[in-house]
Amino acid sequence: MKNDLFKLAARRRSIRRYTGDKVSDEVVNDILKIALLAPSSWGKHPVEFIVVRNKEMIKQISRCKRMGAGPLPTADVAIVVMVDKSDCELWIEDAAVASTYILLAAEQFGIGACWIHIRDRAGQKTTADEEIRQLLGVPNNFSVLNVVALGQKNEKKSPRTESDLHLENIHIEKLGRL
């Protein structure tokens, strides 16, 4: 059986090191168009993205998280994923699905990507979310779930295989261990 989606998902790995070479505007735009196709609660499509290419600004964003933003300073692009919470009860889920589409789309184009989690993470003085919003001029009714680092891959990781799957996590009809 040919399953292109399985092959794509198996190839997609978190890439934390980048060459410094540019990701084309066309590829970034195509990745974002795919993200905009992500399903959302009640079909509202509340997820918004700030695309940051300025290297100094990307470094400043990375400093908004006390730890765990290592891939950002060498990324060519940082995509800040956020939602206006005032009109979206399921904002975390909606932003997570859109972010997953970004990760898969990046792999489709051969671009390295890494999810940098922001929600409920410490910043330097307040929360990483608050510090990023302040840095980028985002109003308080928004929340940032994550930032996706994008760049040309400077590390090679083997694709996952069927033997890597935790098939024991699949249950039929009711929870039970075989």
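Quick note: structure is the one above.
Residues numbered from 1 in each chain as written. Predicted model: local features only at pLDDT ≥ 70, side-chain atom pairs only at ≥ 80, totals over all residues. Heavy atoms only, no water.

## Looking at the overall build of the chain
Thinking step 1. Helices and strands together make up the secondary structure of the chain, namely five helices and four strands.
Thinking step 2. The C-alpha atoms of the chain give 17 Å as radius of gyration, which agrees with the globular expectation for 178 residues (16 Å, within 12%).
Thinking step 3. With respect to the principal axes defined by its C-alpha atoms, the chain has extents near 50 × 40 × 30 Å.
Thinking step 4. Counting all 178 residues of the chain, 39% fall into the buried class.
Thinking step 5. Pairs at least 24 apart in sequence give 80% of the contacts found in the chain among residues at least 6 apart.
Thinking step 6. Accessible area for the chain stands at about 10500 Å²; split by element, carbon and sulfur atoms hold 53% of it.
Thinking step 7. Charge separation in the chain, taken as the distance between the mean sites of 27 positive and 23 negative side-chain charges, equals 6 Å. (Helix = DSSP H or I, 4+ residues; strand = E, 2+ residues; numbered from the N terminus. Rg over C-alpha atoms; globule rule 2.2 N^0.38 Å. Buried < 20%, exposed > 50% of the residue type's maximum accessible area, 1.4 Å probe, protein only. Contact = heavy atoms within 4.5 Å. Areas by Shrake-Rupley, 256 points an atom, 1.4 Å probe, with all protein chains shown as cover. Lys, Arg positive; Asp, Glu negative; His and termini not counted. Charge placed at Lys NZ, Arg CZ, Asp CG, Glu CD.)

## A word on the environment of serine 143
Thinking step 1. Topologically, serine 143 is positioned in strand β4 (residues 142-152).
Thinking step 2. A relative accessible area of 6% places serine 143 in the buried class.
Thinking step 3. The sequence separation of serine 143 and tryptophan 91 amounts to 52 residues, and the corresponding C-alpha distance is 8.5 Å.
Thinking step 4. There is a polar contact of 3.2 Å between the side chain of serine 143 and the side chain of lysine 85. (Polar contact = N/O pair within 3.5 Å; in protein donor to acceptor, adjacent residues only side chain to side chain.)

## Thoughts on the environment of glutamate 48
Thinking step 1. Turning to its location among the elements, glutamate 48 is positioned in strand β1 (residues 47-52).
Thinking step 2. When the C-alpha atoms of glutamate 48 and leucine 8 are compared, they prove to be 25 Å apart, with 40 residues separating the residues in sequence.
Thinking step 3. When neighbours within four sequence positions are excluded, glutamate 48 is seen to be in contact with Val80, Val81, Met82 and Phe142.

## What about unusual backbone geometry?
Thinking step 1. In this structure, tryptophan 42 takes a positive phi of about 55° despite not being glycine.
Thinking step 2. Turning to its location among the elements, tryptophan 42 is positioned in the loop between α2 (25-36) and β1.
Thinking step 3. With phi around 60°, aspartate 120 is a residue other than glycine that occupies positive phi space.
Thinking step 4. Looking at the element boundaries, aspartate 120 is found in the loop between β3 (111-117) and α5 (128-136).
Thinking step 5. The class of aspartate 120 is exposed, set by a relative accessible area of 60%.

## Examining the side chain of serine 41
Thinking step 1. Turning to its location among the elements, serine 41 is positioned in the loop between α2 and β1.
Thinking step 2. Setting aside residues up to four positions removed in sequence, serine 41 forms contacts with Cys88, Leu90 and Asp94.

## Some remarks on the pattern of salt bridges
Thinking step 1. In the structure shown here, the tally under the stated rule is 11 salt bridges.
Thinking step 2. In this structure, arginine 63 and glutamate 56 form a salt bridge, with 3.2 Å as the shortest nitrogen-oxygen distance.
Thinking step 3. With a relative accessible area of 44%, arginine 63 lands in the partly exposed category.
Thinking step 4. When salt bridges that share partners are traced, they join Lys22, Asp25, Arg53, Lys55 and Asp76 into one network. (Salt bridge = Lys/Arg side-chain N within 4 Å of Asp/Glu carboxyl O.)

## Thoughts on the side chain of serine 40
Thinking step 1. On the secondary structure map, serine 40 appears in the loop between α2 and β1.
Thinking step 2. A polar side-chain atom of serine 40 sits 3.3 Å from the main-chain amide nitrogen of lysine 44.
Thinking step 3. One polar contact links the side chain of serine 40 to the main-chain amide nitrogen of histidine 45, over a distance of 2.8 Å.
Thinking step 4. Those residues in contact with serine 40 that sit more than four places away from it in its chain are His45, Pro46 and Asp94.

## As for the sheet that holds β3
Thinking step 1. Taken together, the four strands give an open sheet; going across it, the order is β1-β2-β4-β3, and neighbouring strands pair in antiparallel fashion. In this open sheet, the two edge strands, each paired with only one partner strand, are β1 and β3. On average, each strand axis in the sheet is tilted by 25° relative to the strand beside it, whichever way the strands run. (Pairing = 2+ DSSP bridges. Axes fitted to C-alpha atoms, helices over the stretch in contact; angles between N-to-C directions.)

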